[in-house]
Number of protein chains: 2
Amino acid sequence: MAENKIMLGEDQIPTQWYNILADLPFSMPPVIHPGTGQPIGPEDLAPIFPMALIKQEVSTERYIDIPEEVQDVYKLWRPTPLYRARRWEKALDTPARIYYKWEGVSPPGSHKPNTAVAQAYYNKQEGVKRLTTETGAGQWGSALAFGCNLFGLECKVYMVRVSYHQKPYRRVLMETWGATVVPSPSEDTEFGRKLLAEDPDAPGSLGIAISEAVEDAVSHDDTKYSLGSVLNHVLLHQTITGQETKKQLEIAGDYPDILVGCIGGGSNFAGLFLPFAKDKLEGKTPSLRIICAEPEACPSLTRGPYAYDFGDTAMMTPLLKMYTLGHTFVPPPIHSGGLRYHGMAPIICALYHHKTIEAVALHQNAVFEAAVSFARAEGFVVAPETAHAVKVVMDEALKCKESGEAKVIVFNNSGHGHFDLGAYDAYLSGELKDYKYPEEKIKEALKELPKV
Amino acid sequence: MAENKIMLGEDQIPTQWYNILADLPFSMPPVIHPGTGQPIGPEDLAPIFPMALIKQEVSTERYIDIPEEVQDVYKLWRPTPLYRARRWEKALDTPARIYYKWEGVSPPGSHKPNTAVAQAYYNKQEGVKRLTTETGAGQWGSALAFGCNLFGLECKVYMVRVSYHQKPYRRVLMETWGATVVPSPSEDTEFGRKLLAEDPDAPGSLGIAISEAVEDAVSHDDTKYSLGSVLNHVLLHQTITGQETKKQLEIAGDYPDILVGCIGGGSNFAGLFLPFAKDKLEGKTPSLRIICAEPEACPSLTRGPYAYDFGDTAMMTPLLKMYTLGHTFVPPPIHSGGLRYHGMAPIICALYHHKTIEAVALHQNAVFEAAVSFARAEGFVVAPETAHAVKVVMDEALKCKESGEAKVIVFNNSGHGHFDLGAYDAYLSGELKDYKYPEEKIKEALKELPKV
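Calculation rules
Residues numbered from 1 in each chain as written. Chains lettered and ligands numbered in written order. Predicted model: local features only at pLDDT ≥ 70, side-chain atom pairs only at ≥ 80, totals over all residues. Heavy atoms only, no water. Salt bridge = Lys/Arg side-chain N within 4 Å of Asp/Glu carboxyl O. Helix = DSSP H or I, 4+ residues; strand = E, 2+ residues; numbered from the N terminus. Buried < 20%, exposed > 50% of the residue type's maximum accessible area, 1.4 Å probe, protein only. Least-squares fit on C-alpha atoms with pLDDT ≥ 70 in both. Contact = heavy atoms within 4.5 Å. Domains from an automatic or database assignment. Buried area = accessible area lost by both parts, 1.4 Å probe. Phe/Tyr/Trp six-rings, centres within 6.5 Å; stacked < 30°, edge-to-face > 60°.

Peer 1: Would you mind showing me how to read the pattern of salt bridges here?
Peer 2: Two side chains carrying opposite charge are able to pair once their charged atoms lie near each other. Residue and element names in this part refer to chain B. A complete count under the given rule lists 54 salt bridges over all chains for this structure. Notably, a salt bridge pairs aspartate 254 with arginine 97, separated by 2.6 Å at the nearest N-O pair. Linking aspartate 254 in the loop between helix H11 (232–252) and strand S10 (258–262) with arginine 97 in strand S5 (residues 97–102), this pair joins segments that are 157 residues apart in sequence. In this structure, the salt-bridge partner of lysine 278 is glutamate 282, at a minimum N-O distance of 3.0 Å. Using a relative accessible area of 14% as the deciding quantity, one classes lysine 278 as buried.

Structure representation (structure tokens):
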């Protein structure tokens, strides 16, 4: 049998991140200050982010150097393998050629450390002693705990309460790397105390946890805040995966017809597709399809309006123009905690608005059916979030079977599901629930959109 | 910083296993039939193993070809990386050069599929429809579930009851790959029913689970049994790791002064050290130290007599000459389920008896302290079993710091601890118990040794 994995050497890790802002054929809507209604400036973000990241957030340089210290940490697990899914192709009896970028080999088990390590580094450089953040299912929190530990920063993670209790192992992973983890809402912030006073059993949400982490950061001099998705600089750092994938596909002599990824805040898939979107925007690959997979229970792109909204529940963040379900919307408890976010990365939203990329919404039973098909062929048990991408790939591969077309389908296998096997258990025992589009709740939440 | 990982291409995966039986300067004690007191023949093993594996068990060919179908499956995750632990060396401030073979990248997360895949293949070749096995913490059971699934065999796993309830995710992993898992003792065998009648809450042990799996195999025509450690053919299959490591160290320009691994049944460490033991037995590397790490709570090599004993509790297996704590000994509930076995691989025992290798016994708090030190430097959170090796490496590296010697220390990082974070939680919260050498229980168990 031919090769399964296309590997690169450590000397082939890209030394620059790719910045799509240099190549967009349209201008991005400005980020708005909720108080003034005017575009924000760097000084507005300085209380929560270090200046190096604020500069990256607005930079239009096409390539940005990766600091040597960050490259050195990347070498702990990068370059990651690009797999040709030969066994799954055979199981699906498809002429399609399926590739996946396997980010599950990182110590925290996902793509998240690609940005966590960079963010920890820049904060350390600027004298920050402590970072705060939120986490849902725990992929992001564990990545930041990992990154902070390597650069000697303290790390405080506000973990959505329902996940804190459902996934204690993710908490232990963060603690093993030295982080402090509290369930959110917590007693450690004013906003958390207010919510607990209203409801001592409040299950929490990503939006609430972001509010707590931001409040903690602005109220401590030595502390800044770190976000694991959505923002431009986060997507920038993730382009390491797409650039590696491009090199690996060149070795394989292939170029994608279809790129697939799951989207919660959008960073893993953007990291994969942005270097290819460049080709499409330049007119080199007009037929390239870029498909975002989101949950039917939280369908920002496919059902939300393109509007200004807060990134968090307590309305502490600036306003971002994005496809949103409303900052007060609390999604149904699907197992893909990382996809339970009301908004979406502005870069992804703009590309979707301009029809460079497309999106589909999926129910979780269908998603797990695909993930089990994949696990039985390729071995790897993927995270529930990633399983959304797997489902779209399976559908496209089966269409190829119908049509006889040997399309090249590439997806970001963004993380393993070792901490999410409760979800597989629910699926295998027939107890997994499909939540239909929560129309009424979203209608209510959209009434709370800020006026801009 | 220089390279962290030494990688090989898929075309550099060894195509043969290395068989130490060709190179031993002494003869191995025969395996004895408990009824006759005479050495067993192939026909005695035929009810539970396929003939290809029985032949490998007694073969004295130095190299045995790896079937192409098995090589193809290995390519799903092999060759595995050999890491230079640069960050940990720095954290320990040691002049030692520390390398680790990282087997946690396999889909089941350990070295176990190296033999599981081969065993599933040979059984499939001989028309077997179904395999049974035992598992403790679950590494072996999930590896066999993975292997059986790829070759279309049914798989039934008897999982030690206390682990079945403590580690439900391992069960789900096996089920995701299509296996059937029951807690042992179970209602599915005569021996299990007998034990449950005596004590409905019996926690089980590896020895009991082996008895049930063997009984199941001998009482079904289409079924055979599969063992994940101890036997010669299992160690043979694991030599893929040691052979890869040798090639990788050659690339790095190094040769080990010290090899370290944890031992439960002995297969992961034997897989690493046997290709190097060959050099030592040939007189090429007389100063090479090969150190086995075992738990103080179950110290077969360091405290057991070298004697004939059964491999299981119900006395269904042939008698093996090994360092043993007695087949009725039930070890204290340390978190390293894979090290809770009364006996040890006969090959390891013979090499220990002839002083080719050495052994140390460790308490679990010290072991986890080392594992956390490793995780904070290198990122990877290792299995509790593997952590025993990490502790010995740390001690040897700190001795190098004292002496100023730049020794080359290599260990088998045999698996990740993603399903064992409850143990890390216990350690980090100060609730981990050290069990001293269970002298009285072992004295009792040794009274039950069979007379040969």
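Here the narrative resumes.
Peer 1: Can you walk me through the relation of the copies chain A and chain B in this structure?
Peer 2: Look at the two chain copies: a rotation about an axis and a shift along it is all it takes to match them. Superposition of chain A onto chain B requires a rotation of 180° combined with a translation of 0.0 Å along the rotation axis, giving an RMSD of 0.0 Å. Given the turn and translation reported, the copies of this chain are related as if by a two-fold rotation axis. Interface overlap between copies: 100% of the residues of chain A at the interface are likewise at the interface in chain B, consistent with a symmetric, same-surface contact.

Peer 1: Explain unusual backbone geometry here, please?
Peer 2: Generally, phi is negative for residues other than glycine and the peptide bonds are trans, each holding for most cases. Residues and elements named next belong to chain B. Cis peptide bonds are those with omega within 30 degrees of zero, and the linkage from arginine 78 to proline 79 qualifies with -5°. Among the structural elements, proline 79 can be located in the loop between helix H3 (68–74) and strand S4 (82–84). In this structure, aspartate 93 is a non-glycine residue whose phi angle is positive, near 55°. When you line up the elements, aspartate 93 lands in the loop between helix H4 (86–92) and S5.

Peer 1: Explanation requested: the domain arrangement of chain A in the structure shown.
Peer 2: Often, the extent of an interface is quoted as the loss of accessible area on bringing the components together. Residues and elements named next belong to chain A. Along its sequence, chain A is organised into domain 1 (16–66 + 110–225) and domain 2 (73–109 + 240–446). Counting from both sides, the interface comprises 48 residues of domain 1 and, opposite them, 53 residues of domain 2. Buried area between domain 1 and domain 2, summed over both chains or domains, comes out near 4000 Å², and the portion from carbon and sulfur atoms is 71%. Summed over the shared surface of domain 1 and domain 2, the number is one salt bridge. For aspartate 420, the salt bridge goes to lysine 167, with nearest N and O atoms at 2.6 Å.

Peer 1: For this particular structure, what's the right way to read the packing of aromatic side chains?
Peer 2: Any aromatic ring pair is given by two values, namely how distant the centres are and how the planes are angled relative to each other. All names here are of chain B. Within the structure shown, the criterion is met by 40 aromatic pairs over all chains. Consider the rings of tryptophan 77 and phenylalanine 146, whose centres lie 5.8 Å apart with planes at 70°: the pair is edge-to-face. Remark: phenylalanine 146 occurs in helix H6 (residues 139–151) and tryptophan 77 occurs in the loop between H3 and S4; sequence separation between them is 69 residues. Under the relative-accessibility criterion, tryptophan 77 is labelled buried at 3%. Taking relative accessible area as the criterion, phenylalanine 146 reaches 0% and is therefore assigned buried. On the numbers, 5.0 Å between centres and 0° between planes, the contact of tyrosine 83 with tyrosine 100 is stacked. One end of the pair, tyrosine 83, is in strand S4; the other, tyrosine 100, is in strand S5, and 17 residues separate them in sequence.

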